Amino acid sequence: MLAQLAQQTESFVRPAIDWHAVAPELTLLAVGALVTLLDIVFLERGRRFTSAVAAVGLLITMVPIVTLALDGNDRSLFSGAFVVDNYALVMKALFVLSAYVVVLLSANYVAEGDYWENEYYGLVLSSVLGMVLMASARDLITVFVALELLSIPAYMLASWRKRDLKSNEAGIKYYLMGVFASAILLYGMSLLYGSAGSTLLTDINSAVGASGAPSAVVVLGIVFVVVGFGFKVSAVPFHTWAPDTYEGAPTPVTAFLSVASKAAGFVALMNLLFVGFVERGDIYEPLLWVLAALSMTVGNLIALRQTNIVRMLAYSGVAQAGYMLAPLAVASSVPDTALSATVTYLVIYAAMNLGAFVVVMAVARKTRSAEISSFNGLFSYAPGLAVAMSLFLFALAGIPPFGGWFAKFRVMEAVIEAETTSGLVLGVVVAVNSVIALYYYARIGLGMWANDAPDGDLTPVRLPFSLASALILTGGVTLVFGVLPQLVGDLTQVSLLSGIGG
Amino acid sequence: MLLNQFLLLAAALFCIGVYGVLVRRSAMLVLMSIELILNAVNINLVAFGALTDDVGGSVFALFTIAVAAAEVGIGLAIVLLMYRNRRSIDLAQVDLLKG
């Protein structure tokens with residue numbers, strides 16, 4: 001077979017490349033290389049401007065994404081392995097903008113911790129490159145390479161504080177669970193490849209097909225793929241790494257992992273599920289149903305008894321992943337509604353969860369603590385931050401008019417529209433869990449507004465410019481999406497199913 | 001072609017690997033167990049590729065090998081970091097974070 005391959009290389013012709021379609025990836029690659037180069041040339045003196053270069057580079061990356069969106073044509077490259085459609089563009093914009101907020105968060109944090117800073121931004125950018133690539137990946141190899149490109153830098157970022165035992169622990173737990181998950185996922189992918197004889201997801205879709213009982217290879221392939229992504233999106237029972245990694249990693253990295261990395265896991269799962277085997281609902285729906293219900297319930301119940309706010313946000317993130325999985329558990333009966341519900345949830349979740357992390361970091365600058373009790377009396381000395389935190393918490397709980405309610409509304413709509421008993425039961429589970437979640441979100445809110453500040457310390461919190469702009473950005477988006485849900489509704493009326501092939 | 005033999009070999013390697021990840025306490029042995037799973041994947045990919053006479057399987061296997069090397073490089077660095085700080089790579093002792 002290799003001899004055959006060697007013969008083919010003589011007549012090798014480079015496939016036509018649509019440079020506009022790959023422009024976001026190329027821009028990110030160039031900025032990442034530039035940051036690394038600046039580090040090599042200027043060493044310590046480069047510190048002053050690397051974060052600015054990374055931030056500006058991310059904003060420049062938005063330009064080709066916007067021009068591609070205005071152009072509006074679906075583009076398909078490399079015989080369908082790389083597709084640019086509305087869905088891919090929405091997710092790319094989400095990744096780039098959340099990375100921008102993360103860079104704003106990191107600007108002071110990494111420098112004040114006195115860590116070598118330049119590689120940090122290089123790693124963030126290469127991780128974002130993997131995510132942006134993932135949004136377009138419609139081929140097993142592309143999905144796998146994108147997944148590793150986004151995960152490997154994230155392992156290093158989680159263990160960024162070299163001499164801190166907790167950060168080491170966060171890194172090793174994240175690494176081992178992440179690599180184990182990739183290996184299981186890869187095993188599933190190899191079985192799917194075997195059943196289709198092609199790595200293209202569209203070919204897998206036609207081979208795996210709808211009619212008749214699936215072969216054992218297909219069942220195992222789909223189960224392993226879903227389980228592998230279950231680890232990546234921290235769904236119960238594969239969530240054990242998430243709280244430990246989130247607590248031990250530097251807080252900006254935690255924000256990055258809990259928003260961008262989780263969204264990337266969902267994007268990969270949705271690519272495979274909707275393009276690769278959407279008609280095999282008989283295999284993946286029960287599995288996703290259990291994952292969704294368990295994630296919501298277990299995540300919320302454990303979050304109730306947390307005393308550390310980062311851990312609480314980690315468990316709340318596990319529960320939120322459950323809400324996002326819920327529409328996917330009815331994906332075969334209402335594919336378009338389910339896809340759009342999960343995308344809507346991802347977009348709104350990114351804004352509100354990043355916002356909550358901005359406030360946590362701002363408060364920790366003064367209190368040097370991540371305990372929930374350190375938020376007591378926040379309103380008396382930092383009313384702006386207290387209002388912002390209440391906004392994000394109520395958004396996470398799903399109370400109108402803040403962003404989150406619309407996300408939950410779309411999830412409910414999808415599970416009810418499916419008109420199956422299991423879908424309706426899942427809707428009830430979502431509703432019950434929203435009530436449980438309200439308790440721990442409201443508890444922090446109550447502490448901020450009603451309790452006294454610890455030790456009567458009322459010195460105001462000094463908010464650096466970068467944190468303030470991150471706060472305005474995330475708060476504005478959360479509020480706008482809540483008040484004008486039609487905006488995000490338009491944004492996420494996307495269809496992966498019609499955008500495939502080409 | 002004797003496809004089943006290859007698939008059974010891969011499945012056996014996969015099971016040994018998963019067992020190793022779940023049971024072993026040394027970070028190094030866990031890493032080696034993960035390598036076993038990845039090699040099971042490679043056997044699967046090459047066997048399926050040869051069966052359908054499609055180069056995609058071999059290409060995928062090459063990608064897996066390259067990415068696995070990068071992954072292990074990072075993994076060894078993190079394990080080394082842990083060894084420097086703790087003088088041990090026993091995963092059972094890594095329990096500062098819990099709750």
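Residues numbered from 1 in each chain as written. Chains lettered and ligands numbered in written order. Predicted model: local features only at pLDDT ≥ 70, side-chain atom pairs only at ≥ 80, totals over all residues.

It is not clear to me how the overall build of chain A should be interpreted in this structure. Could you clarify?
What chain A contains, in helices and strands, is 20 helices and two strands. By principal-axis analysis of the C-alpha atoms, chain A measures approximately 75 × 60 × 45 Å. Per-residue burial for chain A yields a buried fraction of 63% across its 502 residues. Within chain A, contacts between residues separated by at least 24 positions form 81% of all contacts whose residues are at least 6 apart in sequence. (Helix = DSSP H or I, 4+ residues; strand = E, 2+ residues; numbered from the N terminus. Buried ≥ 20, exposed ≤ 12 C-beta atoms within 10 Å, placed from the backbone. Contact = placed C-beta atoms within 7 Å.)

Could you clarify how one ought to interpret the packing of helix H2 (residues 19-42) of chain A against helix H5 (residues 118-136) of chain A in this entry?
Geometrically, a packed helix pair is captured by the angle between its two axes and the distance between the axes. All names here are of chain A. Put simply, H2 and H5 touch, their axes get as near as 9 Å, and they point 165° apart. With respect to their mutual orientation, H2 and H5 come out roughly antiparallel. As H2 runs across H5, the sense of the crossing is left-handed. In this structure, H2 contributes Pro24, Glu25, Leu28, Leu29, Val31, Gly32, Val35, Thr36, Leu38 and Asp39 to the contact, and H5 contributes Asn118, Glu119, Tyr121, Gly122, Leu125, Ser126, Val128, Leu129, Val132 and Leu133. (Axes fitted to C-alpha atoms, helices over the stretch in contact; angles between N-to-C directions. Parallel < 35°, antiparallel > 145°, perpendicular 65-115°, else oblique. Left-handed = near helix turned anticlockwise from the far one by under 90°.)

Looking at this structure, I do not really get the interface of chain A and chain B. What am I missing?
Many authors give the size of an interface as the accessible area that is lost as the parts come together. Between chain A and chain B, the contact holds 38 residues from the first and 37 residues from the second. Of all the secondary-structure elements, those providing two or more residues to the side of chain A that touches chain B are helix H6 (140-158), helix H7 (165-196) and helix H10 (241-248) of chain A. The dominant element in the side of chain A that touches chain B, judged by the number of residues it contributes, is H7(A), at 17 residues. Grouping the amino acids of the side of chain A that touches chain B by side-chain chemistry returns 20 nonpolar, ten polar and eight charged. (Nonpolar A, V, L, I, M, F, W, Y, C, P; charged D, E, K, R; others polar.)

I would appreciate a short explanation of the environment of A:Gly403 in the present structure.
With respect to the helices and strands, A:Gly403 occurs in the loop between helix H16 (383-397) and helix H17 (404-417). Each C-alpha atom, one on A:Gly403 and one on A:Ala431, is 17 Å from the other, the two residues being 28 residues apart in sequence.

Can you walk me through unusual backbone geometry in this structure?
Backbone phi values are negative for most residues with the exception of glycine, while trans is the configuration of most peptide bonds. Residue and element names in this part refer to chain A. Across the junction of Val236 and Pro237, the peptide omega takes the value 5°, indicating a cis bond. Along the polypeptide, Pro237 turns up in the loop between helix H9 (216-232) and H10. Here Ser79, not a glycine, exhibits a phi torsion of approximately 45°, which is positive. Position of Ser79 among the secondary structure elements: in the loop between strand S1 (75-77) and strand S2 (82-84). A positive phi is found at Ser234, a non-glycine position, where the angle reads about 50°. Relative to the elements of secondary structure, Ser234 occurs in the loop between H9 and H10. What makes Ser234 buried here is the crowd of 29 C-beta atoms within 10 Å.

Hey, could you run me through helix H1 (residues 3-23) of chain B in this one?
For an α-helix, the turn length of 3.6 residues means that residues three or four places apart are oriented alike. The terminal C-alpha atoms of H1(B), which comprises 21 residues, lie 30 Å apart, in line with the 30 Å expected from a rise of 1.5 Å per residue. By the burial criterion, the buried members of H1(B) are B:Leu7, B:Ala10, B:Leu13, B:Phe14, B:Gly17 and B:Val21. Seen along its axis, H1(B) keeps its buried residues to an arc of 125°; they face one direction. The exposed residues of H1(B) that point more than 90 degrees off its buried face are B:Asn4, B:Gln5, B:Leu8, B:Ala12, B:Tyr19, B:Leu22 and B:Val23. Here the buried face of H1(B) lies against H7 of chain A together with helix H2 (27-52) of chain B. (Expected span 1.5 Å × (residues − 1). Arc of directions from axis to C-beta.)

Please explain H10(A) as it appears in this structure.
Residue and element names in this part refer to chain A. For H10, the buried fraction is high: eight of the eight residues fall into the buried class. Every buried residue of H10 is listed here: Trp241, Ala242, Pro243, Asp244, Thr245, Tyr246, Glu247 and Gly248. As for H10, its buried residues are in contact with H6, H7, helix H11 (251-276) and helix H13 (309-328).

Please explain the environment of A:Val415 as it appears in this structure.
Residue and element names in this part refer to chain A. Tracing the backbone through its elements, the reader meets Val415 in helix H17. For Val415, a count of 29 C-beta atoms within 10 Å translates into the label buried. Sequence separation between Val415 and Val334 is 81 residues, and the spatial gap between their C-alpha atoms is 8.6 Å. In this view, Val415 contacts Ala326, Pro327, Val330, Gly423, Leu426 and Gly427; residues no more than four positions away in its chain are not counted.

I would appreciate a short explanation of the packing of H7(A) against helix H3 (residues 56-86) of chain B in the present structure.
Running from N to C, H7(A) and H3(B) point in directions that differ by 165°, and their axes come no closer than 10 Å. In terms of their interaxial angle, H7(A) and H3(B) are classed as roughly antiparallel. Crossing hand, H7(A) versus H3(B): left-handed. On the side of H7(A), the interface is formed by A:Leu165, A:Asn168, A:Gly171, A:Ile172, A:Tyr175, A:Val179, A:Leu186 and A:Tyr193, while H3(B) contributes B:Gly57, B:Phe60, B:Thr64, B:Glu71, B:Ile74, B:Gly75, B:Ile78, B:Leu81, B:Met82, B:Asn85 and B:Arg86. The residue inventory of the contact of H7(A) with H3(B), partitioned by class, reads eleven nonpolar, six polar and two charged.

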